[in-house]
Amino acid sequence: MSEELLINISPMESRVAVLDNGILGEIYIERHHKLGLVGNIYLGTVVRVLPGMQAAFVDIGQSRTAFLHVNDMQREPRPIVEKNKAAKITKHEINEDDATTNAAADSLAVTPPIVSAQSTEIVPASKTLIQHRLHESQRILVQVTKDQLGSKGARLTTNISLPSRYLVYLPSSDHIGISQRIDGDEERTRLKTELSSLMQTVNLKGGLIARTAAERVPVNKLEEDIYYLLQLWRTICARRQEINHHQSSELIYQELSLPLRSIRDLVHADTEKVIIDNTQTYEQVRYFAKEFVPFVYDRIVHYTAEQSLFDVHRVEDDLRDALKRRVDLKSGGYLIIDQTEAMTTIDVNTGSFVGGRSLEDTVYKTNLEATHAIARQLRLRNLGGIIILDFIDMLEQQHKDDVLESLQAQLTQDYAKTKITQVSELGLVEMTRKRTRESLGQQLCEPCSTCQGRGFVKTAETVCFEIFREIMRCARTYNSPKKFTVVAHAAVIDLLLTSESDTVADLEYLLGRVITFDVENLYTQEQYDIVLD
């Protein structure tokens, strides 16, 4: 499968599109005035501790306080604290005492310094309660794991992790892990052995995770990544100690910009081209790639044509379609995607597809085709949380197994972690997809000002009946008015003067008062006023 990365830069935003065989598979958008927070490290201040929720709210300088749960805090070790000497790393210095690495110092609050497995001890269960670990006004080093979503603040952790091209460094852990996407026991064993050896060689305290990109990477490249990550952690520690203690919050480390992040995280051996339409970004990406991802350096292309890069590759059209509720399938079937705060539902329908053999065969083929479209839409729209897939009911168990197997195969290309249940008797599949940022719809859209996000409005007939009831209520309450003036939307007034004209006449006769009508074009269909004259 061929893959291309398109990087579009404008004064307002940066956008990265991932094309799989020429078809838009993923889109990443970052507004320059509203950068994502995931990966950022802050020195925050605890605003409130909630023992009943075993959580705390932390001020990190954003519009909403961030949320920290006790499960996102590492267990308290008994640290071996040493003085910090923030200095430039060389390969020879790392083999020495390495005191800097061991020191996040006592100024790091509850986030402990780097410790070895031998420096920890069992902590009583009562000490793991958040009220025994945090208190209001306490300074704490935290990292953002989820952006602000809707009305919810960012999600935090004290388990700091620093990613590079091939590795993820865990300063407060002693674990060596391998990406689940790396197949083959031999390669997994090799990586674990080499990482363990490198950690001993450089006297590295902490943990490491080998990313998918580390597969079959030579040991010298892994070693370079370790030096880079260790220097980055020392810089963070030094920055932490320079912070003014009178400030309630401070940004310690900011994640890379979207173009550089996409080169680090999205590029792999199947990436044929990286096309960039901005000269400055093109130079920055080439410099970054030369240092950290050299194999892609010659594949980076500067796009200079007048026509928009996204228009040439039909990305803008796919982006508009990704905001629609309905997704058409090639066979004639279609999907209906509804996103709510609690969950996302995807309904599969045969539509105009009638098949040729039997109803069961038609349903089976539609469901199989739907698995490809569902997997693509989950990535493209970045749908996360609980997702309910309503496949068309199938009678044969083999067909159910085939559909589920096809869905799982398609989801292997997804960077986000997913979990799928079996097909239920009703044809439903429950699944979860890890959510770290807003979905495409949440990022680009806002609730409708007319329907307030409901997706529908009251009919003109319903509003007419409400107006009749309101006039009756006003007539009973106020005896003095001689005339009622109804001010409403044009569609409502039109209905009152045509289909409901007999009801209006009966109401005038019953109340003994005149009813007149005024059209207000600025009103929505549900809005109206009754003026007493």
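Everything discussed here concerns the structure shown above.
This write-up is about the structure you can find in this document. Being a predicted model, the structure only gives us computed values, none of them experimental.

With that out of the way, let us pick up the sheet that holds strand β17 (residues 334-339). Spatially, the six strands line up as an open sheet ordered β16-β17-β18-β19-β21-β20, and their pairing is mixed. The open sheet terminates on both sides in strands that have one partner only, identified here as β16 (326-328) and β20 (418-420). For this sheet the average axis-to-axis angle between neighbouring strands, irrespective of direction, equals 20°. As defined by bridge partners, β17 adjoins strand β18 (residues 343-349) across six bridges and the pair is classed as antiparallel. Residue pairing across strands places I337 opposite I346, the latter belonging to β18.

Turning to the pairing of strand β2 (residues 13-20), a few remarks are in order. For β2, the tally of buried residues reaches eight of eight residues, placing the bulk of the element in the interior. Here β2 shows two buried faces, one formed by E13, R15, A17 and L19 and the other by S14, V16, V18 and D20. Relative to β2, strand β1 (residues 3-9) runs antiparallel, the two being bridged by seven bridges. Each residue of the ladder has a partner; that of E4, found in β2, is L19. Counting the residues between successive antiparallel strands, the hairpin from β1 to β2 contains three residues. Sheet topology note: the β2/strand β3 (residues 23-31) ladder contains eight bridges and is antiparallel. By the bridge assignment, A17 is partnered in β3 with I27. Hairpin remark: β2 followed by β3, antiparallel, with two residues in the connecting loop; positive phi at N21, about 55°.

Another aspect to go through is the packing of aromatic side chains. What characterises a pair of aromatic rings is the spacing of the ring centres plus the angle enclosed by the ring planes. Counting across every chain of the model gives four aromatic pairs. The interplanar angle of 65° and the centroid separation of 5.8 Å between the aromatic rings of F57 and F67 together place this pair among those described as edge-to-face. Placement of the pair is F57 in strand β5 (residues 55-59) and F67 in strand β6 (residues 66-69), with a sequence separation of 10 residues. Just above the ring of Y334 sits the side chain of R326; from NZ or CZ to the centre is 3.9 Å.

A word on the sheet that holds strand β9 (residues 162-163). If you walk across this open sheet you meet the four strands as β9-β10-β12-β11, and the pairing is mixed. At either end of the open sheet lies a strand with only one pairing partner, and these are β9 and β11 (176-178). As judged from the four bridges shared by strand β10 (residues 167-170) and strand β12 (residues 207-210), these two strands associate in the antiparallel manner. Considered in β12, the bridge of V168 is made with I209. Contacting β10, β11 and β12, helix α3 (residues 185-201) runs over the sheet at an angle of about 150° to β11.

As a further point, take unusual backbone geometry. The backbone of S137 sits at a positive phi, close to 75°, despite the residue not being glycine. Tracing the chain through its elements places S137 in the loop between α2 (99-102) and β7 (139-146). The residue R314 is not glycine, and still its phi comes out positive at about 60°. Among the secondary structure elements, R314 is positioned in the loop between α7 (309-312) and α8 (315-321).

Let's shift gears to the environment of A55. Inspection of the secondary structure puts A55 in strand β5. On the accessibility criterion, A55 (1% relative accessible area) is buried. Through-space distance from the C-alpha of A55 to that of L68 is 5.6 Å; in sequence the pair is 13 residues apart. With residues near it in sequence (within four places) discarded, A55 still touches R48, V49, L50, F67, L68, H69 and I130.

Calculation criteria
- Residues numbered from 1 in each chain as written.
- Predicted model: local features only at pLDDT ≥ 70, side-chain atom pairs only at ≥ 80, totals over all residues.
- Heavy atoms only, no water.
- Pairing = 2+ DSSP bridges.
- Helix = DSSP H or I, 4+ residues; strand = E, 2+ residues; numbered from the N terminus.
- Axes fitted to C-alpha atoms, helices over the stretch in contact; angles between N-to-C directions.
- Buried < 20%, exposed > 50% of the residue type's maximum accessible area, 1.4 Å probe, protein only.
- Phe/Tyr/Trp six-rings, centres within 6.5 Å; stacked < 30°, edge-to-face > 60°.
- Lys NZ or Arg CZ within 6 Å of the ring centre and 35° of its normal.
- Contact = heavy atoms within 4.5 Å.

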